[in-house]
Amino acid sequence: MKNTNDLKEIWKKNESTTVPPIQEVTTTAKGTIGKIRNKLFFSGFSVAAILGLIIYEQQKMQNEMLTTKIGLTIMALGIVLYLIVSNSILNMFLKNEFSAFDSSTFLDKMIELKNKLELLYKKIITIYFIALSVGLFLALIEETMSESLLHKVLSYALSAGWIAFAWFVLRPREMKKLYSLTDSVNALQNIRNQFAENK
Amino acid sequence: MNFEEIYKQYYQRVYRLCMGYLNDKDWAKDVAQETFITIWQQLGKFKNESVIGTWIFRIASNQCLRQIEKEKRMPKGQMPKEQEDKTSNSIEAKTAFLYKCISELPESERLIISLELEDINQSEIASILGLSEANVRVKIHRIKGKLSEKFNMCEEWMQN
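One structure accompanies this document, and this report is about it. Here the structure is a predicted model, which is why all the values come from computation and not from measurement. (Residues numbered from 1 in each chain as written. Chains lettered and ligands numbered in written order. Predicted model: local features only at pLDDT ≥ 70, side-chain atom pairs only at ≥ 80, totals over all residues. Heavy atoms only, no water.)

### A short note on the packing of helix 2 (residues 22-60) of chain A against helix 2 (residues 25-42) of chain B
Next up, step 1: Where helix 2 of chain A contacts helix 2 of chain B, the two axes come as close as 9 Å, and the packing angle between them is 65°. Classified by the angle between their axes, helix 2 of chain A and helix 2 of chain B sit roughly perpendicular to one another. The two elements helix 2 of chain A and helix 2 of chain B meet at a crossing, and its hand is right-handed. Listed contacts from helix 2 of chain B to Glu24, Val25, Thr26, Thr28, Ala29, Lys30, Thr32 and Ile33 of chain A of helix 2 of chain A are Gln33, Phe36, Ile37, Trp40 and Gln41 of chain B.
Next up, step 2: A breakdown of the residues in the contact of helix 2 of chain A with helix 2 of chain B according to their chemical character gives 6 nonpolar, 5 polar and 2 charged. (Axes fitted to C-alpha atoms, helices over the stretch in contact; angles between N-to-C directions. Helix = DSSP H or I, 4+ residues; strand = E, 2+ residues; numbered from the N terminus. Parallel < 35°, antiparallel > 145°, perpendicular 65-115°, else oblique. Left-handed = near helix turned anticlockwise from the far one by under 90°. Contact = heavy atoms within 4.5 Å. Nonpolar A, V, L, I, M, F, W, Y, C, P; charged D, E, K, R; others polar.)

### Overview of the packing of aromatic side chains
Next up, step 1: Enumeration over the complete set of coordinates arrives at 13 aromatic pairs over all chains.
Next up, step 2: Here phenylalanine 98 of chain A and phenylalanine 101 of chain A contribute two aromatic rings whose centre-to-centre distance is 5.9 Å and whose plane-to-plane angle is 50°, an arrangement assigned as tilted.
Next up, step 3: Judged by relative accessible area, phenylalanine 98 of chain A falls into the buried class, the value being 17%.
Next up, step 4: For the ring pair tyrosine 128 of chain A and phenylalanine 129 of chain A, a centre distance of 5.2 Å and an interplane angle of 65° mean the geometry is edge-to-face. Pair check on accessibility: tyrosine 128 of chain A and phenylalanine 129 of chain A agree, each one buried.
Next up, step 5: Between arginine 171 of chain A and the ring centre of tryptophan 167 of chain A, over which it is positioned, the NZ or CZ distance is 4.4 Å.
Next up, step 6: Over the aromatic face of tyrosine 21 of chain B sits the side chain of arginine 110 of chain B, whose NZ or CZ is 4.7 Å from the ring centroid. (Phe/Tyr/Trp six-rings, centres within 6.5 Å; stacked < 30°, edge-to-face > 60°. Buried < 20%, exposed > 50% of the residue type's maximum accessible area, 1.4 Å probe, protein only. Lys NZ or Arg CZ within 6 Å of the ring centre and 35° of its normal.)

### Some details on the interface of chain A and chain B
Next up, step 1: With 47 residues of chain A in contact, the opposing surface of chain B contributes 58 residues.
Next up, step 2: Taken together, both faces of the contact between chain A and chain B bury some 4800 Å²; the carbon and sulfur share is 60%.
Next up, step 3: Taken together, chain A and chain B are joined by 3 salt bridges.
Next up, step 4: In this structure, lysine 8 of chain A engages aspartate 119 of chain B in a salt bridge whose closest nitrogen and oxygen atoms are separated by 2.9 Å.
Next up, step 5: Along the contact surface separating chain A from chain B lie 15 residue pairs in polar contact (both at pLDDT 80 or more).
Next up, step 6: Counting only elements with at least two residues in the side of chain A that touches chain B, the list comes to helix 1 (4-12), helix 2, helix 4 (103-145) and helix 5 (149-198) of chain A.
Next up, step 7: The dominant element in the side of chain A that touches chain B, judged by the number of residues it contributes, is helix 2 of chain A, at 9 residues.
Next up, step 8: Residues of the side of chain A that touches chain B, tallied by class, amount to 22 nonpolar, 15 polar and 10 charged. (Buried area = accessible area lost by both parts, 1.4 Å probe. Salt bridge = Lys/Arg side-chain N within 4 Å of Asp/Glu carboxyl O. Polar contact = N/O pair within 3.5 Å; in protein donor to acceptor, adjacent residues only side chain to side chain.)

### Description of a nonpolar patch on the surface
Next up, step 1: Nonpolar side chains collect at one region of the surface, where Phe165, Phe168 and Val169 of chain A lie side by side and expose about 300 Å² of accessible area between them.
Next up, step 2: Here phenylalanine 165 of chain A shows up in helix 5. (Patch = residues over 30% accessible without salt bridge, like charges linked within 9 Å, V, L, I, M, F, W, Y side chains within 5 Å. Areas by Shrake-Rupley, 256 points an atom, 1.4 Å probe, with all protein chains shown as cover.)

### A short note on helix 1 (residues 3-22) of chain B
Every α-helix carries 3.6 residues per turn, so stepping three or four residues along brings you back to the same face.
Residues and elements named next belong to chain B.
Next up, step 1: Approximately 55° is the largest bend angle found in helix 1, and it occurs at tyrosine 10.
Next up, step 2: Where burial is concerned, most of helix 1 is hidden: 15 out of the 20 residues are buried.
Next up, step 3: Between a side-chain oxygen at the N-terminus of helix 1 and the backbone nitrogen of glutamate 4 the separation is 3.2 Å; the capping residue is asparagine 2. (Bend = angle between axes of the 7 residues up to and from the residue.)

The structure is reproduced here in structure tokens:
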């Protein structure tokens, strides 16, 4: 290696053999926007549908006991809260707002965002599963009152089974996402430290 | 400058930056594509406050940094398979060796040297990465020294 200009020459020898057609990029970009819109629409639609269903249930099914009303309301609030939060998080990541910042600032913003997300995720997932479990049991009280003992035992056992499944299978699965998020924050922090050393 | 012109003028340069950071052809192509998708989406927001090249390389650098989320795919320092068997002093072998050496550097240094080799001036590199110009200059000097040393060792080894 005679001098460092040789490095530049060697560097520039590396070219992609094929440049993807520009339509591939624009089609994917338009598709991404479409997907975001669909996700946001679906999420908003889900919130509206759940609320509508709960109001319908409260009014038409003639539930008289307060426990049923409270139970259904808690379940609905849990689902709505989960959808709103996950939707807003999705939105933050998909908007790519920091992508044109300088890399040091970009890393700061990403770390800040991921830290917020981590905290939010931990709390929201727990609230969501507690709300579903409590709400379901409260709603079951009135539903099972007129049933035979066997039916009552079966209803509660099935509900308890579902809650156990949600708590011990679904919740840890959601929490795994959180652990990978924590890994990402640590890795970003590590790179950020390299930039700080260079400042 | 419209998107088509940007794409034609910058695709290979962005691809090389991604290759310098990742040293994996397919992955570099994916990240280059993600970069141009972001450019397409954000082009309307570009306000001529900086040079368009600086803006493009900021997006590309940040897109590379985001790959930390896919860390498990990172083939740090691996030679592409087709290059591994080549023991000749060919330009392809040298190119593969250079990219391998760069991919073994810490992330920030990979970006600094890739931008420098792409002929971007040091004040622009500082602006892309958010570092001081003096530090960029020192870093480039050190990294080039390291790379030249590795190349000399490699050339000696090939001659023996």
